[in-house]
Every structure is written in C-alpha cells, then in structure tokens.
Amino acid sequence: MPDVLDPTISSRLKRDDAGLVAAVVQQHDTGEVLMVGWMDDEALRRTLTEGRVTFWSRSREEYWRKGDTSGHAQYVKAVSLDCDGDALLVQVDQVGAACHTGTRTCFEAGGDLGAVVGERDRNDGTPQDTNQRSNQRDEAHR
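Predicted model only: the values in this text are computed from it and were never measured. (Residues numbered from 1 in each chain as written. Predicted model: local features only at pLDDT ≥ 70, side-chain atom pairs only at ≥ 80, totals over all residues. Heavy atoms only, no water.)

### With respect to the overall build of the protein
Right, on to step 1. Scanning the protein from terminus to terminus reveals 4 helices and 6 strands.
Right, on to step 2. Counting from the amino terminus, helix and strand elements in the protein follow one another as α-β-β-α-β-β-β-β-α-α.
Right, on to step 3. Residues classed as buried in the protein amount to 27% of the 142 residues present.
Right, on to step 4. Of all intrachain contacts in the protein linking residues separated by at least 6 positions in sequence, the fraction that spans at least 24 positions is 43%.
Right, on to step 5. Total accessible area on the protein is roughly 9,400 Å²; 47% of this is exposed by carbon and sulfur atoms. (Helix = DSSP H or I, 4+ residues; strand = E, 2+ residues; numbered from the N terminus. Buried < 20%, exposed > 50% of the residue type's maximum accessible area, 1.4 Å probe, protein only. Contact = heavy atoms within 4.5 Å. Areas by Shrake-Rupley, 256 points an atom, 1.4 Å probe, with all protein chains shown as cover.)

In structure tokens, the structure reads:
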C-alpha cells in the first residue's frame, strides 16, 4: 500500500485554504446523498486504498474513519473527482446512520428550505418565465 497519495491524483485536486477537498458521500445503489465530509491527501489515500472512508475532522483536527466508534461504517464502492477538481463523489455502502445525529442522512435534520420548484418547457427543456407561460395559456384559450 502506498504511503502517499498518487501524485497524478494529488495534482488534480484544488484544495481550500486549509488544504481540504469536499467529499460528497452517496449511497451507491440508491443515489441517496448521505453527508459531506472533508479530505486532505492522506484521507483520500486511505479511502482509496483501505476500502473504508476516512475524513479529516476540522473540529477535532484529526483523521477519523467513519464507523470506527459508531459502527456505522462506509464501505467504498467508487470515488470520482469533479471536473474542477474541487469536490469528490464517494459512493459507499452505508451501514446504519451516516449522520452524527443518528439519522440516515445529514440532510434530514436541516430540513427542506422551501425552495420554489422550477419547471422546464416540455418542448425543448429550457425554462420559460411565468409571464411567457401566462401569455401562452391566454392565447390558447382565445
């Protein structure tokens, strides 16, 4: 097992000021987004080579492997880098809760923020503004 992250992978990462890259964790078979964690080169190296997800804890300033204390492990199925190199997608087989609060995902506790739901034009996939749709409805009823 290599002691450092492959330099070809490392060179593709765009890190924040703390040297970290966001890691979005997703259940491999359902697509459910479970959580977001942070990785530096060492956490990514461990994740790629050990089959379990390792993060860098910003609050504790130490590495932690998901599930070592809770039993809620994340088994790696795939790891991808986004086009900009500033985010990872880590697909896992999640055992138990992903969130430290005990919920399946970290997005349950925060809740829905009530965003306006957008709709696309059924003809070409580009959005239409509300006034344009109203005018089209009015013309159709004439």
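From this point, the discussion proceeds with the structure in view.
### A few points about the sheet that holds strand β5 (residues 74-81)
Right, on to step 1. Sheet architecture is open: 4 strands sit in the order β2-β1-β6-β5, paired in mixed fashion. Looking at the sheet topology across the chains shown, the edges are occupied by β2 (33-39) and β5. Across the sheet, the mean angle separating the axes of adjacent strands is 25° when strand polarity is ignored.
Right, on to step 2. Alignment of β5 against strand β6 (residues 87-94), held across 7 bridges, turns out to be antiparallel. Within β6, the residue paired with Y75 across the bridge is D93. (Pairing = 2+ DSSP bridges. Axes fitted to C-alpha atoms, helices over the stretch in contact; angles between N-to-C directions.)

### Structural notes on the pairing of strand β4 (residues 62-65)
Right, on to step 1. Here strand β3 (residues 54-57) runs beside β4; their pairing, made up of 4 bridges, is antiparallel. Bridging across to β4, T54 finds its partner in R65.
Right, on to step 2. Two successive antiparallel strands, β3 and β4, enclose a turn made up of 4 residues, where E61 displays a positive phi of approximately 55°.

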